[in-house]
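Each chain, letter by letter, is given below.
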Amino acid sequence: MSNFKAVFLGDVVGRPGREAVATCIPAIRKRYDTGLVIANGENSLHGIGISSQSAGQLFDAGVSIITTGNHCYKERRIGEFFDAETNVLRPANYPEGSPGRGHNLYTYGDHTFGVINLSGRVFLQALDDPFRLAKKLVAEMRERTPLILVDFHGEATSEKQGIGWYLDGLVTAVMGTHTHVQTADARILAGGTGLICDVGMCGPFDSLLGMKPEIGIARMVTQMPVKFEVAEGPTYVCGVYIEADPATGKTTVFESFQCAPNNGGVDFRVVIRA
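Residues numbered from 1 in each chain as written. Predicted model: local features only at pLDDT ≥ 70, side-chain atom pairs only at ≥ 80, totals over all residues. Heavy atoms only, no water.

1. A look at the overall build of the protein chain
Piece 1. Each helix and strand in the protein chain was counted, giving six helices and 14 strands.
Piece 2. In terms of overall dimensions, the protein chain is globule-like: its C-alpha atoms have a radius of gyration of 17 Å, near the 19 Å expected for 274 residues.
Piece 3. For the protein chain, the spread of C-alpha atoms along the three principal axes comes to 50 × 45 × 35 Å.
Piece 4. Considering the protein chain as a whole, with its 274 residues, one finds that 56% of them fall into the buried category.
Piece 5. For the protein chain, the exposed surface amounts to about 11,500 Å²; the carbon and sulfur share of it is 51%. (Helix = DSSP H or I, 4+ residues; strand = E, 2+ residues; numbered from the N terminus. Rg over C-alpha atoms; globule rule 2.2 N^0.38 Å. Buried < 20%, exposed > 50% of the residue type's maximum accessible area, 1.4 Å probe, protein only. Areas by Shrake-Rupley, 256 points an atom, 1.4 Å probe, with all protein chains shown as cover.)

2. Details of the pairing of strand β14 (residues 265-273)
Piece 1. Bridge analysis of strand β13 (residues 251-262) against β14 gives eight bridges, and the strand direction is antiparallel. Note that in β14 the partner of Pro261 across the bridge is Val266.
Piece 2. Taken together, β13 and the strand that follows it, β14, pair antiparallel across an intervening segment of two residues, in which Asn263 is found at a positive phi of about 50°. (Pairing = 2+ DSSP bridges.)

3. Digging into the side chain of His180
Piece 1. Here His180 lies in the loop between β8 (173-177) and β9 (187-188).
Piece 2. By relative accessible area, His180 is classed as buried at 8%.
Piece 3. Within polar-contact distance, the side chain of His180 engages the side chain of Asn43 at 3.1 Å. (Polar contact = N/O pair within 3.5 Å; in protein donor to acceptor, adjacent residues only side chain to side chain.)

4. A closer look at helix α2 (residues 52-61)
Piece 1. Turning to α2, its buried residues are Ser54, Ala55, Leu58 and Ala61. An end-on view of α2 places all buried positions within 120° of arc, on one side of the element. Of the residues in α2, the exposed ones pointing more than 90 degrees away from the buried face are Gln53 and Asp60.
Piece 2. Along its buried surface, α2 packs onto β2 (11-12), α1 (14-32), β4 (65-67) and α3 (78-84).
Piece 3. Two residues or fewer after α2 comes Gly62, characterised by a positive phi angle close to 120°. (Arc of directions from axis to C-beta. Contact = heavy atoms within 4.5 Å.)

5. Topic: the packing of aromatic side chains
Piece 1. One pass over the full model with this rule turns up 11 aromatic pairs.
Piece 2. Centre to centre, the rings of Tyr106 and Phe113 are 5.8 Å apart; their planes meet at 35°, and the pair counts as tilted. Residues Tyr106 and Phe113 agree in their burial class; the two are buried.
Piece 3. On the numbers, 5.0 Å between centres and 90° between planes, the contact of Phe205 with Tyr236 is edge-to-face. Placement of the pair is Phe205 in the loop between β11 (201-204) and α6 (213-222) and Tyr236 in strand β12 (residues 235-244), with a sequence separation of 31 residues.
Piece 4. What links up through ring pairs into an aromatic cluster is the set Tyr32, Tyr241, Phe257 and Phe268.
Piece 5. A cation over a ring is seen here: Arg31 above Phe268, with NZ or CZ 4.6 Å from the ring centre.
Piece 6. Just above the ring of Tyr166 sits the side chain of Lys135; from NZ or CZ to the centre is 4.0 Å. (Phe/Tyr/Trp six-rings, centres within 6.5 Å; stacked < 30°, edge-to-face > 60°. Lys NZ or Arg CZ within 6 Å of the ring centre and 35° of its normal.)

6. Regarding the state of the cysteines
Piece 1. Considering all chains together, one arrives at zero disulfides under this definition.
Piece 2. Cys24 carries a free sulfur, and the closest cysteine sulfur to it, the one in Cys259, is 3.7 Å from it. (Disulfide = S-S within 2.5 Å.)

7. Focus: the pairing of strand β5 (residues 103-108)
Piece 1. Inspection of the sheet shows β5 paired to strand β6 (residues 111-119) by six bridges, in the antiparallel sense. Residue pairing for β6: Asn104 is matched across the bridge by Val115.
Piece 2. Counted along the chain from β5 to the antiparallel partner β6, the turn is two residues long, and its residue Gly109 has a positive phi close to 60°.

8. Things to note about α1
Piece 1. Its 19 residues place the ends of α1 25 Å apart at the C-alpha level, agreeing with the 27 Å of an ideal helix rising 1.5 Å per residue.
Piece 2. The largest bend in α1 comes to about 40°, at Cys24, with the proline Pro26 one to four residues further on.
Piece 3. Residues of α1 that are buried: Gly14, Pro16, Gly17, Arg18, Ala20, Val21, Cys24, Ile25, Ile28 and Tyr32.
Piece 4. Asp33, located one to two residues past α1, shows a positive phi value of around 55°. (Expected span 1.5 Å × (residues − 1). Bend = angle between axes of the 7 residues up to and from the residue.)

9. A few points about the layout of surface pockets
Piece 1. Counted as a void, the largest pocket has a volume near 520 Å³.
Piece 2. In this structure, the largest pocket is lined by 20 residues; those nearest its centre are His71, His180, Leu209, Met211 and Phe228. (1 Å grid on protein atoms, 1.4 Å probe; cavity = no way out; pocket = protein on both sides within 12 Å on 5 of 7 lines; lining within 4 Å. Points joined across faces, edges and corners; volume = space filled by probe spheres on them.)

Written out as structure tokens, the structure reads:
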């Protein structure tokens, strides 16, 4: 059986992020020889939240599975969509009875693989313990497959690295999301688990986490509430490529990258290849 190959893209921010993903995915698929693309879409609607429409545009662009985070329920009536759409996940550690699902098994080619979506608790909502829940879900999934990908949506790099080490050898890769800045720590841990603290974002490059800088700065300087607006201008896409042994689930290649639309083409830059 051939190696398992997948690409995971960081937080997609608004319309510019959706368009950048649509432009770059064909080149990403060709470069990494895989059609399996997973993306965090919790900011795909106007920079905060997700809707059936913004998710649909990501699916049309070639995204196979969408994960989310702390903004997953921002859109009114989104719960019905989460309940109905099995390829969109919300953090598994939301309280029991929350709309949607936080983990699922999927098939790509000859491979069965699992995806788990979790939210951190440091500087975020005090949801259920993601560490103990992760161990429980991983144990259940490993009865079917050793190929397991985790989106850990969190603020603190310590918590993100902590969950990576906690699950080392038990999952294929742990990808941190939420902070929108790609970290230069992509690695394969001793037990074979790929880890990066934050995959980065997909959206406007000249921005403050995807938003207009002047608005974010005004909030920081005045401490007054402001309405954020998605920035415009040149865009880029941040992601990681995962290649793994399907028999063991261990990662063999873990590569963080950035790419950007450019005059009808796509420019690539490999950040770290582990």
